[in-house]
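Residues per chain are reported as follows:
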Amino acid sequence: MTERQVSRSIEIDAPPTAVFALLADPRRHPDFDGSGTVESSISGPSRLSLGSTFGVGMRIKLPYRISNTVVEFEEDKRIAWRHFNRHRWRYELEPTANGGTTVTETFDWSTALVPFLLDRSGFPAANARGIEKTLPRLKALAEGR
(Lines give C-alpha, C1' and ligand atoms only; values in the text may rest on other atoms or scores of the structure.)
Protein backbone atom coordinates (compact mmCIF):
# COMPACT_ATOMS: atom_id res chain seq x y z
CA MET A 1 0.00 0.00 0.00
CA THR A 2 1.30 3.48 -0.83
CA GLU A 3 0.99 6.54 1.32
CA ARG A 4 -1.61 7.85 -1.13
CA GLN A 5 -4.26 5.27 -0.25
CA VAL A 6 -6.81 4.95 2.51
CA SER A 7 -8.48 1.58 3.11
CA ARG A 8 -10.94 0.02 5.49
CA SER A 9 -12.26 -3.55 5.70
CA ILE A 10 -15.36 -5.31 6.95
CA GLU A 11 -16.51 -8.91 7.17
CA ILE A 12 -19.84 -9.61 5.50
CA ASP A 13 -21.92 -12.71 6.13
CA ALA A 14 -22.59 -13.30 2.44
CA PRO A 15 -20.56 -15.04 -0.28
CA PRO A 16 -18.29 -13.01 -2.59
CA THR A 17 -20.69 -13.56 -5.51
CA ALA A 18 -23.51 -11.76 -3.67
CA VAL A 19 -21.29 -8.85 -2.61
CA PHE A 20 -19.72 -8.52 -6.05
CA ALA A 21 -23.16 -8.46 -7.68
CA LEU A 22 -23.95 -5.29 -5.72
CA LEU A 23 -20.63 -3.66 -6.58
CA ALA A 24 -20.87 -4.53 -10.28
CA ASP A 25 -24.36 -2.99 -10.61
CA PRO A 26 -23.85 0.79 -10.86
CA ARG A 27 -27.53 1.41 -10.14
CA ARG A 28 -26.99 0.00 -6.62
CA HIS A 29 -24.13 2.39 -5.77
CA PRO A 30 -26.41 5.05 -4.22
CA ASP A 31 -27.84 2.32 -1.96
CA PHE A 32 -24.53 1.67 -0.22
CA ASP A 33 -22.69 4.98 -0.66
CA GLY A 34 -21.89 6.36 2.76
CA SER A 35 -20.29 9.60 1.58
CA GLY A 36 -23.61 11.22 0.79
CA THR A 37 -22.31 12.39 -2.59
CA VAL A 38 -23.64 9.69 -4.95
CA GLU A 39 -27.15 10.41 -6.12
CA SER A 40 -29.55 8.07 -7.88
CA SER A 41 -28.96 9.33 -11.41
CA ILE A 42 -26.88 6.50 -12.87
CA SER A 43 -26.33 5.78 -16.57
CA GLY A 44 -24.47 2.93 -18.18
CA PRO A 45 -24.70 -0.85 -18.27
CA SER A 46 -26.66 -2.79 -15.68
CA ARG A 47 -23.53 -4.86 -14.97
CA LEU A 48 -20.01 -3.51 -15.05
CA SER A 49 -17.01 -5.21 -16.64
CA LEU A 50 -13.47 -4.14 -17.46
CA GLY A 51 -13.61 -0.98 -19.59
CA SER A 52 -17.27 -0.22 -18.82
CA THR A 53 -18.17 3.43 -18.41
CA PHE A 54 -20.98 4.71 -16.25
CA GLY A 55 -22.23 8.17 -15.37
CA VAL A 56 -23.10 9.23 -11.85
CA GLY A 57 -25.11 12.16 -10.59
CA MET A 58 -23.09 13.57 -7.70
CA ARG A 59 -23.47 16.35 -5.17
CA ILE A 60 -20.73 18.10 -3.24
CA LYS A 61 -22.47 21.36 -2.35
CA LEU A 62 -23.76 21.60 -5.96
CA PRO A 63 -25.05 18.84 -8.25
CA TYR A 64 -22.86 17.59 -11.10
CA ARG A 65 -22.37 14.51 -13.27
CA ILE A 66 -19.20 12.51 -13.64
CA SER A 67 -18.23 9.63 -15.91
CA ASN A 68 -16.30 6.66 -14.51
CA THR A 69 -14.41 3.85 -16.22
CA VAL A 70 -13.84 0.39 -14.74
CA VAL A 71 -10.03 -0.07 -14.73
CA GLU A 72 -9.65 -3.21 -12.59
CA PHE A 73 -11.95 -6.20 -12.75
CA GLU A 74 -11.63 -9.74 -11.51
CA GLU A 75 -14.97 -11.48 -11.13
CA ASP A 76 -16.00 -11.89 -7.47
CA LYS A 77 -12.56 -10.64 -6.32
CA ARG A 78 -11.81 -7.05 -7.35
CA ILE A 79 -13.37 -4.06 -9.07
CA ALA A 80 -12.12 -0.48 -9.35
CA TRP A 81 -13.19 2.58 -11.29
CA ARG A 82 -11.78 6.03 -11.95
CA HIS A 83 -12.86 9.28 -13.52
CA PHE A 84 -10.99 12.06 -15.38
CA ASN A 85 -8.39 12.71 -12.64
CA ARG A 86 -7.64 8.98 -12.56
CA HIS A 87 -7.80 8.37 -8.81
CA ARG A 88 -9.52 5.07 -8.04
CA TRP A 89 -12.18 3.59 -5.82
CA ARG A 90 -11.37 -0.10 -5.37
CA TYR A 91 -13.17 -3.01 -3.72
CA GLU A 92 -11.29 -6.24 -3.00
CA LEU A 93 -13.13 -9.36 -1.84
CA GLU A 94 -11.67 -12.33 0.00
CA PRO A 95 -13.75 -15.37 0.96
CA THR A 96 -13.76 -16.23 4.65
CA ALA A 97 -13.66 -19.70 6.21
CA ASN A 98 -17.32 -19.39 7.29
CA GLY A 99 -18.61 -18.69 3.76
CA GLY A 100 -18.62 -14.92 4.11
CA THR A 101 -16.50 -12.22 2.54
CA THR A 102 -13.93 -9.75 3.80
CA VAL A 103 -14.36 -6.57 1.75
CA THR A 104 -11.64 -3.93 1.60
CA GLU A 105 -12.54 -0.59 0.07
CA THR A 106 -9.69 1.69 -0.95
CA PHE A 107 -9.54 5.27 -2.14
CA ASP A 108 -6.29 5.35 -4.14
CA TRP A 109 -5.03 8.71 -5.33
CA SER A 110 -1.52 7.44 -6.15
CA THR A 111 -2.78 7.06 -9.75
CA ALA A 112 -4.22 10.60 -9.95
CA LEU A 113 -2.99 13.05 -12.55
CA VAL A 114 -2.31 15.60 -9.81
CA PRO A 115 -1.99 13.62 -6.56
CA PHE A 116 -0.33 16.51 -4.69
CA LEU A 117 -3.53 18.57 -5.09
CA LEU A 118 -5.54 15.77 -3.50
CA ASP A 119 -2.93 15.57 -0.71
CA ARG A 120 -3.85 19.14 0.25
CA SER A 121 -7.57 19.03 -0.52
CA GLY A 122 -9.00 17.14 2.44
CA PHE A 123 -10.50 14.54 0.07
CA PRO A 124 -8.43 11.62 1.43
CA ALA A 125 -9.73 12.16 4.98
CA ALA A 126 -13.27 12.74 3.70
CA ASN A 127 -13.07 9.56 1.63
CA ALA A 128 -11.85 7.59 4.66
CA ARG A 129 -14.91 8.79 6.59
CA GLY A 130 -17.12 7.89 3.62
CA ILE A 131 -15.63 4.39 3.45
CA GLU A 132 -16.33 3.92 7.17
CA LYS A 133 -20.00 4.64 6.45
CA THR A 134 -20.17 2.78 3.12
CA LEU A 135 -18.95 -0.62 4.29
CA PRO A 136 -21.67 -1.13 6.95
CA ARG A 137 -24.31 -0.13 4.38
CA LEU A 138 -22.86 -2.63 1.87
CA LYS A 139 -22.86 -5.27 4.64
CA ALA A 140 -26.53 -4.64 5.43
CA LEU A 141 -27.53 -4.89 1.76
CA ALA A 142 -25.51 -8.05 1.10
CA GLU A 143 -26.86 -9.71 4.24
CA GLY A 144 -30.43 -8.81 3.27
CA ARG A 145 -31.05 -6.42 6.14
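This text follows the structure it describes.
Worth saying up front: this structure is predicted, and the values here are computed from it rather than measured.

(A) Inspection of the nonpolar core at higher detail. Counting residues in hydrophobic clusters, the biggest one holds 32 residues, and the most contacted among them are I12, V19, L23, I79, Y91, V103 and L138. Contributions of two or more residues to this core are made by strand 1 (5-12), helix 1 (16-23), strand 3 (53-60), strand 4 (62-74), strand 5 (78-82), strand 6 (88-95), strand 7 (101-108) and helix 4 (123-142). A per-element tally of this core places helix 4 first, with 5 residues. Other than its neighbours up to four places away in sequence, L23 contacts H29, F32, L48, I79, W81, Y91, L93 and L138.

(B) Representation of unusual backbone geometry. A positive phi angle, close to 70°, is found at K61, a residue other than glycine. For K61, the location among the structural elements is in the loop between strand 3 and strand 4. Even without glycine at this site, D76 takes up a positive phi of about 65°. Mapped onto the elements of the fold, D76 is located in the loop between strand 4 and strand 5.

(C) View of the packing of aromatic side chains. On inspection of all chains with the given rule, the structure shows 6 aromatic pairs. Taken together, a centroid distance of 5.4 Å and an interplanar angle of 75° make the contact between F20 and F73 edge-to-face. Note that F20 is positioned in helix 1 and F73 in strand 4, a separation of 53 residues in sequence. Measuring from centroid to centroid gives 5.8 Å for W81 and Y91, while their planes differ by 35°, and the two rings are tilted.

Here is what the cut-offs are and how they apply
- Residues numbered from 1 in each chain as written.
- Predicted model: local features only at pLDDT ≥ 70, side-chain atom pairs only at ≥ 80, totals over all residues.
- Heavy atoms only, no water.
- Core = buried A, V, L, I, M, F, W, Y, C linked by side-chain atoms within 4.5 Å.
- Buried < 20%, exposed > 50% of the residue type's maximum accessible area, 1.4 Å probe, protein only.
- Helix = DSSP H or I, 4+ residues; strand = E, 2+ residues; numbered from the N terminus.
- Contact = heavy atoms within 4.5 Å.
- Phe/Tyr/Trp six-rings, centres within 6.5 Å; stacked < 30°, edge-to-face > 60°.

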